[in-house]
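Each chain is listed here by its residues.
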Amino acid sequence: MDSENKNFISEEMVEELKSFAVEILITVVVVFIVISFVAQPTTVDGSSMNPTLHDKDQLIIEKISRRFVGYNRFDIVVFPYDKDEKKYYIKRIIGLPGETVDIVDGQVVIDGVILDEPILVDVIEEMGSDLLPVKVPEGHYFVLGDNRNHSKDSRFSTVGFINGDDILGKGYVRLWPFKDFGFIK
């Protein structure tokens, strides 16, 4: 037997292993960058966003908007409810920085004008805070769930205004259930 056949791992195999390890490392780095700065998956937990989103819907949230264009009224955003336990809420932006938000006769009023919403929502039965109307501080947002009577949102002091820096990203695409696959509006 010659000495080359005694080696269990050939030089060619070592090079293949090195190449494979580099590919794995590059993949891990790319996934980390995408999840940290571009997009990440999330799952809806609860009914506060019905009828737009449902419990267990699988979404992709995009994170680029917050760095370049910010957020607009009616964007659906994900933000931490409890940072220590990594619990998150998903809600719709209703009030923008500097605006005055009120609820009058069960309807949202922004700067004295009834908000014309892009979705059908129930008349709000629970006002939440007695502090309404409220002015949204600079750099913050007032958010509501689409299922207004079954949502903990900016109407309640436990949630309050959402700091724009705390928003993880904007709901972008629903992946599951597949029958509802598509962009989120």
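Residues numbered from 1 in each chain as written. Predicted model: local features only at pLDDT ≥ 70, side-chain atom pairs only at ≥ 80, totals over all residues. Heavy atoms only, no water.

### Points about the overall build of the protein chain
So, step 1. Broken down by element type, the protein chain carries 3 helices and 12 strands.
So, step 2. Residues classed as buried in the protein chain amount to 38% of the 185 residues present.
So, step 3. A fraction of 60% describes how many contacts in the protein chain between residues 6 or more apart in sequence connect residues 24 or more apart.
So, step 4. Put simply, the protein chain shows about 11,800 Å² of open surface, and 58% of that area lies on carbon and sulfur atoms. (Helix = DSSP H or I, 4+ residues; strand = E, 2+ residues; numbered from the N terminus. Buried < 20%, exposed > 50% of the residue type's maximum accessible area, 1.4 Å probe, protein only. Contact = heavy atoms within 4.5 Å. Areas by Shrake-Rupley, 256 points an atom, 1.4 Å probe, with all protein chains shown as cover.)

### Structural notes on the confidence of the model for the protein chain
So, step 1. Across the protein chain, the average pLDDT comes to 81, with 89% of residues at or above 70.
So, step 2. Considering each helix and strand of the protein chain separately, the mean pLDDT is smallest for helix α1 (residues 3-6), with a value of 53, and largest for strand β9 (residues 140-144), with 92. (pLDDT = per-residue confidence, 0-100.)

### Side note on the sheet that holds strand β5 (residues 100-104)
So, step 1. With antiparallel pairing, 4 strands are arranged side by side in an open sheet as β7-β6-β5-β8. Of all the strands in the sheet, the pair left with one neighbour each is β7 (113-114) and β8 (134-135).
So, step 2. Bridge count between strand β6 (residues 107-110) and β7: 2 bridges; the pairing is antiparallel. Looking at β7, one finds that I110 is bridged to V113. (Pairing = 2+ DSSP bridges.)

### Regarding the nonpolar core
So, step 1. Of all hydrophobic cores here, the largest spans 12 residues; its members are I94, V101, I103, V108, I110, L115, I124, L132, V134, V136, F142 and L144.
So, step 2. At the level of elements, β5, β6 and β9 are the ones that each hand at least two residues to this core.
So, step 3. Those residues within four positions of V108 in sequence are excluded, and the remaining contacts are I94, V101, D102, V113, I114, L115, E117, I124, L144 and R148. (Core = buried A, V, L, I, M, F, W, Y, C linked by side-chain atoms within 4.5 Å.)

### Focus: unusual backbone geometry
So, step 1. At F74, a residue that is not glycine, the phi angle is positive and equals roughly 80°.
So, step 2. Note that F74 resides in the loop between α3 (65-68) and β3 (76-82).

### Comments concerning the pairing of strand β4 (residues 87-95)
So, step 1. When you tally the buried positions in β4, you get 7 out of 9 residues, the bulk of the element.
So, step 2. The pairing of β4 with β9 spans 3 bridges and is antiparallel. Residue pairing in the sheet places R92 in a bridge with L144 of β9.

### As for the pattern of salt bridges
Between side chains of opposite charge, pairing is possible as soon as their charged atoms come close.
So, step 1. Under the counting rule described, the total for this entry stands at 9 salt bridges.
So, step 2. Through salt bridges with shared partners, a single ionic network connects E62, D75 and K170. (Salt bridge = Lys/Arg side-chain N within 4 Å of Asp/Glu carboxyl O.)

### Concerning the packing of aromatic side chains
Any pair of aromatic rings gets described here by the distance separating the centres and the angle formed by the planes.
So, step 1. Under the counting rule described, the total for this entry stands at 3 aromatic pairs.
So, step 2. Where F79 meets Y89, the ring centres are 5.9 Å apart and the plane angle is 85°; that geometry is what we call edge-to-face. Taken together, the residues span a long stretch of sequence, with F79 in strand β3 and Y89 in strand β4 at a distance of 10 residues. Assigned by exposure class, F79 and Y89 land together as buried.
So, step 3. One cation-aromatic arrangement involves K91 over Y89; the distance from NZ or CZ to the ring centre is 4.8 Å. (Phe/Tyr/Trp six-rings, centres within 6.5 Å; stacked < 30°, edge-to-face > 60°. Lys NZ or Arg CZ within 6 Å of the ring centre and 35° of its normal.)

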